[in-house]
Structure formats: C-alpha cells, structure tokens
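# A look at the structure
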Amino acid sequence: MTKFTHVRDWPLLESALFVLMSYAAFLIAEVCELTGVVAVLFCGICQAHYTYNNLSADSRNRTKQLFELLNFLAENFIFTYIGVSMFTFPKHHFDPWFIIAGFITSTLGRAINIYPLSFLLNLGRKPPIPMNFQHMLFFSGLRGAMSFALAIRNTVSEARQAMLTTTSLIVIATVVLQGGAATHALAYLRIPTGQGQNDENEALPYRDVRSNGSMVVKWGKGDNGVIMPWQLNRLTETPRGSGDGGGEKGRLARLWGALDSRLLKPLLTHARPPLTETLPSFLRPLARVLTTTRQYTQGENNLHRTDSDSDLCIDEPQPVPTNIDPQLSYNIRNGFGNV
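Residues numbered from 1 in each chain as written. Predicted model: local features only at pLDDT ≥ 70, side-chain atom pairs only at ≥ 80, totals over all residues. Heavy atoms only, no water.

### Overview of the UniProt feature "transmembrane region" (unreviewed entry) in the protein
Our working rule: UniProt positions are given in the numbering used here, feature names are shortened, and annotations may be inferred rather than shown by experiment. Secondary structure elements are taken from DSSP: a helix is a run of H or I of four residues or more, a strand is a run of E of two residues or more, and numbering for both begins at the N terminus.
The UniProt record marks residues 20–45, 66–84, 96–115, 136–156 and 168–189 with the feature "transmembrane region" (unreviewed entry), using the residue numbering of this structure. Taken end to end, residues 20–45 is 85% helix and 0% strand, and its two terminal C-alpha atoms sit 16 Å from one another. With 100% helix and 0% strand, residues 96–115 has end C-alpha atoms that lie 29 Å from one another.

So, in structure tokens, the structure goes:
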C-alpha cells in the first residue's frame, strides 16, 4: 500500500493507516486465538525495516514521535500498575512454597540458558564470551511487563491466581533488586561501561575481524561511512580454522544481507537496485510490474543504509553544503553558536 499508492501525498492519513495496520495485526492474531503480542512484535520489525522507508518525511517524524510517546506512557503505566496491583488486585493467592519454587526455577532456567549456550558459542567464536560477561548476562535476567501481562489475562481459578501473585513478586524483585544493582554488578565484574562499541570490543580477549581480503569502500567520512547493499558480495569470507571461527556466521549474515538488499527491499520499498536488475531474465515482466518509477529515477548516487530500521532511512540523500558562510564558521570555531 505505501509503495504502490499515492497515500504519501496525505501524511496524516498515511500515519493513521500505519498505526491502524499495526493494531490490525494484533486483532487478527487474537481472532485466530494466537498471541497478539508476538504478532505485534514481528509486525513492528517488518514495519521499521520496510514500511517506514516508504513514508513521507512528515509521516516519518509524526509516526516516530507518536510511538515514542506511546512507548513512554505504556512503560510507565505497566510498571506502576504492577506495583499497585500487588495491593489492590482482589484475586491474589499467596502460596509460599509455589513462590519459592518460582524464584528457584526462574533462576535455574536463566543459568541453563546462559552458561551452556555460551560454552557452545565459545567453541567456534572469536573473541569468546568472557566469564564475567556470562555472569552479567545471568544477573541481568529481569522479568517484566510481558510476564505480568500474560499472567493477568486469566485469573478465574485459584491456581491461576497463584501464578499471577508469584509472577508479580518475581517481576518486582528482579526489576527493583537486580535492576537497581546492575551498576554495582558491572563494577564488581570489571565490565567497562559508558563506552562505545569499539572501546567495548577492545576489552575482549581478541578482536573480531570478519574479513581480511578485498577492501570494501565505505561511503561517507570517518566512522559515519556506510557500506552500500550492492557491495555485500565483495566481502570475503574468512576460511574456517584460520583463527577467526566466524566463517559460518559471516556467510549466513552475508546471505541474508544479499537477499534483503537485492530482493526484499526492492520488492517492498523504493530501494535500489530495482528488481529488473536483480531477478532472472525470465521474471523480467513481473519485475517491471513490481518496480516503481521512483526506483528508476532516484539515481545511483543516493546513499542507502543496510540497517534501514534506524533514524537514517534509505532514499534520504544527505545535503552537501555548496558554500560555507565565513562568519558562521568563525562563530562555530570560537564557541559562539549561531550568534
């Protein structure tokens, strides 16, 4: 709808449809007796990666601000409601042994997920996941709104009421105690905080180098440079057993990136290259139908990002200043701002 229609000419209607379609995914899942929360999760992933890039500039700003507001209100409401419900909800059933068993099993479940899986990953991963990182992953197993929302949906029986009470106590304990002590745990485990991704990688035993073959030129200056989708096939895979251990992960990531940039994005958005260039020749008639005029006319020089579900979306060429005001440059250098 957002690609093959002119709904972008009416930004308010476009934003309304974006929200209503998201809610429709939840309703359809509930009607089919499936989990609406999971449906909304995958709907949001797809919309952020594809649909968002087809919206007009006004709709992007409006939609982003709307969902930020809803996220802020919902997050504060749900945790306030969890705390208040412990004292006001009339259907609590306190079973001490069940509560103790709930805390023990949730802790054991977190440990069984973290340590054995980290061990298996470290068999073929460079750099390996350090033990202090594993301890922090185990400690950060917070329970939250999802657990509470699922437990409170049905409280008709005494067993379900006991489940709600136990879940509420586990949520409050993990959020308040573990969440509040997270900073102290990071300091105790000597895990660096407040640093960028590159600095964090330097704290690991080895640096993770995925490609050491042909050079891929990044578009842009400095660390802000991005790799074009059509350059993915130029990334060379490091052979297994060469000290990297990430060959399988690199191959899968490259395969998905190539499929996404050459098929899914051109099909669902106005991204280039068009399907007429990526699909086989016998599918050219279908490719012409599924390719819009905008994909042909927007030009090859527009910058694209492979991670389009970010603030900088595809088909948004960055303006390059043709001249610079000397007075403005002097003010910036001397800290006068826009005086």
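Now that the structure is up, let's keep going.
### As for helix H7 (residues 158–180)
Rule in force here: Take the residue count of a helix, subtract one, and multiply by 1.5 Å to get its expected span. Classification of residues uses two cut-offs on accessible area relative to the type maximum, computed with a 1.4 Å probe and protein chains only: under 20% is buried, over 50% is exposed, and between them is partly exposed. The contact definition used throughout considers only heavy atoms, calling two residues in contact when any of these lie within 4.5 Å.
Taking 1.5 Å of rise per residue, 23 residues should cover 33 Å, and H7 covers 32 Å from first to last C-alpha, within 8% of that figure. Listing the buried residues of H7 in full gives Gln161, Ala162, Leu164, Thr165, Thr166, Thr167, Ser168, Ile170, Val171 and Thr174. Those residues of H7 that are buried lie in contact with helix H3 (57–88), helix H4 (96–122) and helix H6 (145–151).

### Notes on the packing of aromatic side chains
What counts, and what does not: Centres within 6.5 Å are what make two rings of Phe, Tyr or Trp a pair, Trp counting through its six-membered ring; a difference in plane orientation under 30 degrees is then read as stacked, over 60 as edge-to-face, and the rest as tilted.
Evaluated as defined, the whole model comprises 5 aromatic pairs. Here the aromatic rings of Tyr23 and Phe26 are separated by 6.2 Å at their centres, their planes lie at 15°, and the arrangement is stacked. One end of the pair, Tyr23, and the other, Phe26, are both in helix H1 (residues 11–31), 3 residues apart, so they sit about a helical turn from each other. By relative accessible area, which is 27% here, Phe26 ends up partly exposed. Between Tyr115 and Phe138, the ring centres sit 5.9 Å apart and the planes meet at 40°, which makes this aromatic pair tilted. Residue Tyr115 is located in helix H4, and its partner Phe138 is located in helix H5 (residues 131–139); the two are separated by 23 residues in the primary sequence. The exposure class assigned to Tyr115 is partly exposed, which follows from its relative accessible area of 24%.

### A short note on the packing of H4 against H5
The line we're drawing: Think of each axis as a best-fit line through the C-alpha atoms, taken over the contacting stretch in the case of a helix, with angles from 0 to 180 degrees between the N-to-C directions. An angle counts as roughly parallel when it lies under 35 degrees, as roughly antiparallel when it exceeds 145, as roughly perpendicular when it falls between 65 and 115, and as oblique in every other case. Crossings are sorted by hand: turned counterclockwise from the far helix by less than a right angle, the near helix makes the crossing left-handed, and turned clockwise it makes it right-handed.
Axis separation between H4 and H5 bottoms out at 9 Å; the angle between their running directions is 150°. As the angle between them shows, H4 and H5 are arranged roughly antiparallel. Between H4 and H5 lies a crossing of right-handed hand. The residues of H5 that touch H4, namely those facing Thr107, Arg110, Ala111, Ile114, Tyr115, Ser118 and Asn122, are Met131, Gln134, His135, Leu137 and Phe138.

### What about the side chain of His92?
Quick reminder of the rule: Think of a polar contact as two N or O atoms within 3.5 Å of one another; within protein, one of them needs to be a possible hydrogen donor and the other a possible acceptor, and neighboring residues in sequence only count if both atoms come from side chains.
Here His92 lies in the loop between H3 and H4. Reaching out from His92, the side chain makes a polar contact with the backbone oxygen of Ser85 at a distance of 2.8 Å. Within the local environment of His92, its side chain forms a polar contact with the side chain of Thr165, the two groups lying 2.9 Å apart. The contact partners of His92, leaving out residues within four places of it in the chain, are Ser85, Met86, Leu164, Thr165 and Ser168.

### Quick notes on a nonpolar patch on the surface
As a reminder, the rule being used: Here a patch means residues that are over 30% exposed by relative accessible area and free of salt bridges, tied together within 9 Å if like-charged and within 5 Å if nonpolar (Val, Leu, Ile, Met, Phe, Trp, Tyr). Each accessible area is a Shrake-Rupley result for a 1.4 Å probe, and residues are judged covered by the shown protein chains and nothing else. Salt bridges are counted wherever a side-chain nitrogen of Lys or Arg sits within 4 Å of a carboxyl oxygen of Asp or Glu.
A cluster of nonpolar side chains, contributed by Trp97, Ile100, Ile104, Leu108 and Ile112, occupies part of the molecular surface with about 590 Å² of accessible area. Take Ile112: it is sitting in helix H4. On the basis of relative accessibility, which here comes to 57%, the residue Ile112 falls in the exposed class.

### Concerning the environment of Ser118
One can find Ser118 in helix H4. A sequence separation of 11 residues divides Ser118 from Ile129, and the C-alpha atoms of the two residues are 6.8 Å apart. Residues within four places of Ser118 in sequence aside, it is in contact with Ile129 and Gln134.

### Here we look at the pattern of salt bridges
What the rule picks out here adds up to 3 salt bridges. In this structure, Glu68 and Lys64 form a salt bridge, with 2.7 Å as the shortest nitrogen-oxygen distance. Residue Glu68 and its partner Lys64 are located together in helix H3, separated by 4 residues, close to a single helical turn. In this structure Glu68 comes out as partly exposed when scored by relative accessible area, which is 45%. Residue Lys64 is classed as partly exposed on the basis of its relative accessible area, which comes to 31%. Between Lys265 and Asp260 there is a salt bridge, and its shortest N-O distance comes to 3.7 Å.

### With respect to H3
For H3, which comprises 32 residues, the first-to-last C-alpha distance of 45 Å matches the rise-based estimate of 46 Å (1.5 Å per residue) to within 8%. Along H3, the residues that are buried comprise Ser59, Arg60, Thr63, Ile78, Ile82, Ser85 and Met86. Taken together, the buried residues of H3 touch H1, H6 and H7.

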